[in-house]
Every structure is written in C-alpha cells, then in structure tokens.
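# Coordinate inspection notes
Here is how the chains run, residue by residue.
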Amino acid sequence: MTLFLNGQPQVDEATLAKLAKCNVTTEATPLSRLEGSTPELTGVHLTDGLQGKIIRVDSSKQTTISGVFAAGDTTQVMNATLASADGVMAGAYLHRALIFEMLET
C-alpha cells in the first residue's frame, strides 16, 4: 500500500518504521490530476509524471487487500475538506485494525 502525502511534509522516522512493518510506503509527490469521474475513477497522475490507479475501498476504507486502507483523492474525487475527513476516517479504521491484530497475536 502507498500513503500519498500529496506534497505534505514527510512523516517522522518512528511512524515510517511502523508503516514499513505493515508494508506501507509513502509517496510525497503532489497529485496533478485524477482520471475518470466519481465513483469510477481510473487513475491518479502525479506532478512528476508518474501515474497510479484509483483504489477501491469499502465503507471502512479498507481495500481489497486485508489490512490495507486508502482514503481521499486516491479513492474518489473530493474537495480538500472531504479528502481530509476521509483520511481521518481511514486512519481511525486502520488504527482499529492494528489494535485488534495485536490483540489476536
């Protein structure tokens, strides 16, 4: 899974280490545009020219891969406020999943 920071500051080293344990990488490059229209977006373009696909999620922001969550403009076209709120929700669901995973092991 990739956490798109969309030009925001990189997360601290401790957080990066925790993300890496969950096979999560970060991408700092800002997004330049999205392809398609909601809810069927087909791609994400980064300002450096690289492209990515829109990620499908369920109501808890989990992707089709167990333990992988996505939010904001990587999952659908949103304005900044909704994308931020979507990220908060994905973070909460991710936190919940990690806590339950730790309790099960």
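Coordinates for the structure precede this section.
Residues numbered from 1 in each chain as written. Predicted model: local features only at pLDDT ≥ 70, side-chain atom pairs only at ≥ 80, totals over all residues. Heavy atoms only, no water.

Right, let's get into unusual backbone geometry. Notably, Asn6 is not glycine yet its phi reads approximately 50°, a positive angle. Here Asn6 is to be found in the loop between β1 (2-4) and α1 (13-21). A relative accessible area of 34% means that Asn6 is categorised as partly exposed. Of note in this structure, Asn23 is not a glycine but carries a positive phi near 60°. Position of Asn23 relative to the elements: it lies in the loop between α1 and β2 (25-27). A relative accessible area of 61% places Asn23 in the exposed class. (Helix = DSSP H or I, 4+ residues; strand = E, 2+ residues; numbered from the N terminus. Buried < 20%, exposed > 50% of the residue type's maximum accessible area, 1.4 Å probe, protein only.)

Bringing α1 into the picture now. Structurally, the start of α1 carries an N-cap: the backbone nitrogen of Ala14 is 3.1 Å from a side-chain oxygen of Asp12. Of the residues one or two after α1, Asn23 is the one with positive phi, at around 60°. (Polar contact = N/O pair within 3.5 Å; in protein donor to acceptor, adjacent residues only side chain to side chain.)

The next subject is a nonpolar patch on the surface. A surface patch of nonpolar side chains, amounting to about 420 Å² of accessible area, comprises Ile99, Phe100, Met102 and Leu103. Examined against the element boundaries, Phe100 turns out to sit in helix α2 (residues 80-104). (Patch = residues over 30% accessible without salt bridge, like charges linked within 9 Å, V, L, I, M, F, W, Y side chains within 5 Å. Areas by Shrake-Rupley, 256 points an atom, 1.4 Å probe, with all protein chains shown as cover. Salt bridge = Lys/Arg side-chain N within 4 Å of Asp/Glu carboxyl O.)

Attention now goes to the pattern of salt bridges. By the definition in use, this model includes one salt bridge. Between Lys61 and Asp86 there is a salt bridge; the shortest N-O distance is 2.5 Å. Of the two residues, Lys61 sits in the loop between β5 (51-52) and α2 while Asp86 sits in helix α2, which places them 25 residues apart along the sequence. A single burial state applies to Lys61 and to Asp86, both of which are buried.

Tracing the sequence through the fold places Gly91 in helix α2. The exposure class of Gly91 is partly exposed, given its relative accessible area of 34%. C-alpha separation for the pair Gly91 and Phe69, spaced 22 residues apart in sequence, amounts to 8.1 Å.

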